[in-house]
Amino acid sequence: MNRIERRFAACREHGRKALIPYITGGDPQPDATVPLLQTLVEGGADILEIGIPFSDPMADGQVIQAACERALVHHVNIRRILEMVREFRTDDVHTPVVLMGYLNPIEQMGYAAFAQEAVAAGVDGILCVDLPPEESQFFVEMLQENQLDPIWLIAPTTQAERIRRICEVARGFVYYVSLKGVTGADSLSVSDVAVHVANIRAATRLPVGVGFGIRDAAAAGRIAGVADAVVVGSALVAQIEAHQSEPEVMYAVVREFIADMRRAMDAAAVETALGGER
Amino acid sequence: MSSKVSINYGEFPDAGGHFGRYGGRFVPELLMAPLEELAEAYARYREDPRFLAELEADLVHYVGRPSPLYYAQRWSEQLGGARIYLKREDLNHTGAHKINNTMGQALLAARMGKTRLVAETGAGQHGVATATVAARLGLECVIYMGAADVQRQSVNVYRMRLLGAKVIAVEAGTRTLKDALNEAFRDWAANVDDTFYIIGTVAGPHPYPAMVRDFQTVIGHEARRQILEREGRLPDALVACVGGGSNAMGLFHPFLADAGVRLYGVEAGGEGLAGGRHAAPLATGRPGVLHGNRTYLMEDADGQILPTHSISAGLDYPGVGPEHAWLKDVGRAEYVDATDQEALAAFHALTRAEGIMPALESAHALACADRLAREMTPDQIIVANLSGRGDKDINTVAALEGMEL
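If you're wondering where the values come from, they're calculated on a predicted model, not measured in any experiment.

Asker: Please provide a residue-by-residue account of helix α11 (residues 218-231) of chain B, values included.
Answerer: Relative to the 20 Å expected for 14 residues at 1.5 Å per residue, α11 of chain B spans 20 Å between its end C-alpha atoms, a close match to the ideal helical length. What α11 of chain B keeps buried is the set V218, I219, G220, E222, A223, Q226 and I227 of chain B.

What follows is the structure in structure tokens.
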């Protein structure tokens, strides 16, 4: 059992939904990433998602593009991010770490080197945003050889047959994109999400995480009622951006932001459990 | 050469949109279904006689096709070598080859029940061509344009607005064409139900490279017929500028099987390849993945996309269509560059010798034709694609020469 499986198993055991915050590696500057990861864990994060900055992040909205640009000012590349993961791992050997990025920086590093160095640094899963399963055979082989979980996105536009095919190659968890658009978009409908999550559950026993458009604790609580994990990215990165000039304030705000979501999700889980008994 | 002629170029791309190792479909999951829907619709309508008849009628009566193949006699004689014919795409409605593609895609969008068009634009030619067909078909239109390009192409911005399009200046990244593409993809992702994304070049995820090529091959089919009528034989060389590469692919494709016709694609050499300020991924880049396809890219060692430079906004792009990447690797086409200065010189030369003012993009092709022609003899023939007219560029040219209009 790897770290991601263990964490979801522990969550299930405690009737808890996993909280998965996303930050861009190296944002707002490289020294902040490890303290931010530790802060997220203190706030109640279960799995950490670290974005590999890319110059042309076409699946992301303005907030994360700006975060990428802040990191790229410092020339943060994949190896620098792996150093950060290694440093984080010296104090935390349990919290799973997922890298999220675009294919080109990974391809320039080389699939084999990337997979080997990532697992050696203590990474658990890889989500490559612009790599569909159709183009991924060699990449997935490299990940599996190195015991890294390929994490895949499923979108509102993904049809049943395709959901099935994606779930066949997915490991760890699957990530449902809760609305049409890019990261940071709004207009989230919980009942729509519930229908789609049910469709995904029909195709896999993997945990289902939901992300895109979850802006605050209230939304996180509602989504926790229908999914196994809640992913929060842009709303968190916006807090980092707003407080980047005062690091101590930034860490405090981030901790509280995540803790708020944690409380809302835990409250929702209790409600669901009670509702289930009635 | 024997191994090269055995390729059946008509069989590319494969079902997944691959030209050899290039092309494909590298997009976020959200866009996979709309791309599949587009590929299916295109496969259906490209065989539909009524669709093709409607497109043909619009190309004739609205765009003004066929465009002439003009023998540039005075310019050729000045150069003292090969005879140069110009394929006059500058005479199309809206002044460039771009409308061949936007007309086709907009008719397809209407057939698919889409009511809103989005597009990216660099120089503004593709944006104008999209806004034009949107007006013609009564469709809503949103154009994304890098903020830097909005400044240097203000006339085209105003043209698009007059045509009823909403022009959105993109402030992210390098504020040029690649950032406009990112933003157009984001718009499409958020509005897939009612929106059709008209990509302006032979790049992007499958089926765009093949579909845009097909709509642009009207250039090459006409040129082939016209040169056979005029000269009774095929030309020795074809020359076209390559940014994304749609005018070049449109001209080249119907000649790919004609092994005796040499194909020259001309990238933007900017201030010279050595200094890095250029837009020549085929000459200096390496394969990578951007904007939905695998192709040659200008990128750094970490895989970050590099800023580009060209005197012409339409060539100012760090990637290139995947079919060009493949034609380079298999050796069927040759890719060279022309610098800003060479393009500017060709702009003036053609203007004074023939009374035809070329777009700065097309002037790159003319600079190459100039070099080739001097090495050739008057019994030889070059066809150069005059992909657009230069009126849009007179402010740029004047500014470079220290004049304010």
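Asker: How would you sum up the packing of helix α5 (residues 98-111) of chain B against helix α10 (residues 208-216) of chain B? Please name residues and give values.
Answerer: Residues and elements named next belong to chain B. At a closest axis distance of 8 Å, the pairing of α5 and α10 adopts a crossing angle of 115°. Once α5 is placed against α10, the crossing between them reads as right-handed. Contact with α5, carried on its side by K98, N100, N101, G104, Q105 and L108, involves Y208, M211, V212, F215 and Q216 of α10 and no other residues of that element. For the contact of α5 with α10, the residue count by class is 5 nonpolar, 5 polar and 1 charged.

Asker: Account for the interface of chain B and chain A, naming residues and giving values.
Answerer: If you look at the interface, chain B gives 38 residues, while chain A gives 37 residues. Between chain B and chain A the total buried area reaches about 2,800 Å² when both faces are included, carbon and sulfur atoms providing 50% of it. There are 3 salt bridges connecting chain B and chain A. Of the charged contacts in the structure, one is a salt bridge between D56 of chain A and K178 of chain B, with a shortest N-O distance of 2.9 Å. For the interface between chain B and chain A, the tally reads 22 residue pairs in polar contact (both at pLDDT 80 or more). Of all elements in the fold, only β2 (22-26), α2 (32-45), α9 (177-190), β11 (286-290) and β12 (292-297) of chain B reach the threshold of two or more residues within the side of chain B that touches chain A. A per-element tally of the side of chain B that touches chain A places α9 of chain B first, with 7 residues. Classifying every residue of the side of chain B that touches chain A by side-chain character gives 18 nonpolar, 10 polar and 10 charged.

Asker: An account of the packing of aromatic side chains is needed here, citing residue identities and associated values.
Answerer: Residues and elements named next belong to chain B. Applying the stated rule across the entire model yields 16 aromatic pairs over all chains. Both rings, one in W188 and one in Y208, keep their centres 6.4 Å apart while their planes meet at 80°; by these two values the pair is edge-to-face. With W188 in helix α9 and Y208 in helix α10, this pair connects stretches of sequence that are 20 residues apart. For the residue pair W188 and Y208, the accessibility class agrees, reading buried in each case. An aromatic cluster is built from Y9, F12, F19 and W326, whose rings are joined through pairwise contacts.

Cut-off values and rules
- Residues numbered from 1 in each chain as written.
- Chains lettered and ligands numbered in written order.
- Predicted model: local features only at pLDDT ≥ 70, side-chain atom pairs only at ≥ 80, totals over all residues.
- Heavy atoms only, no water.
- Helix = DSSP H or I, 4+ residues; strand = E, 2+ residues; numbered from the N terminus.
- Expected span 1.5 Å × (residues − 1).
- Buried < 20%, exposed > 50% of the residue type's maximum accessible area, 1.4 Å probe, protein only.
- Axes fitted to C-alpha atoms, helices over the stretch in contact; angles between N-to-C directions.
- Left-handed = near helix turned anticlockwise from the far one by under 90°.
- Contact = heavy atoms within 4.5 Å.
- Nonpolar A, V, L, I, M, F, W, Y, C, P; charged D, E, K, R; others polar.
- Buried area = accessible area lost by both parts, 1.4 Å probe.
- Salt bridge = Lys/Arg side-chain N within 4 Å of Asp/Glu carboxyl O.
- Polar contact = N/O pair within 3.5 Å; in protein donor to acceptor, adjacent residues only side chain to side chain.
- Phe/Tyr/Trp six-rings, centres within 6.5 Å; stacked < 30°, edge-to-face > 60°.

From the geometry alone we can't say anything about function, so treat these as descriptive.
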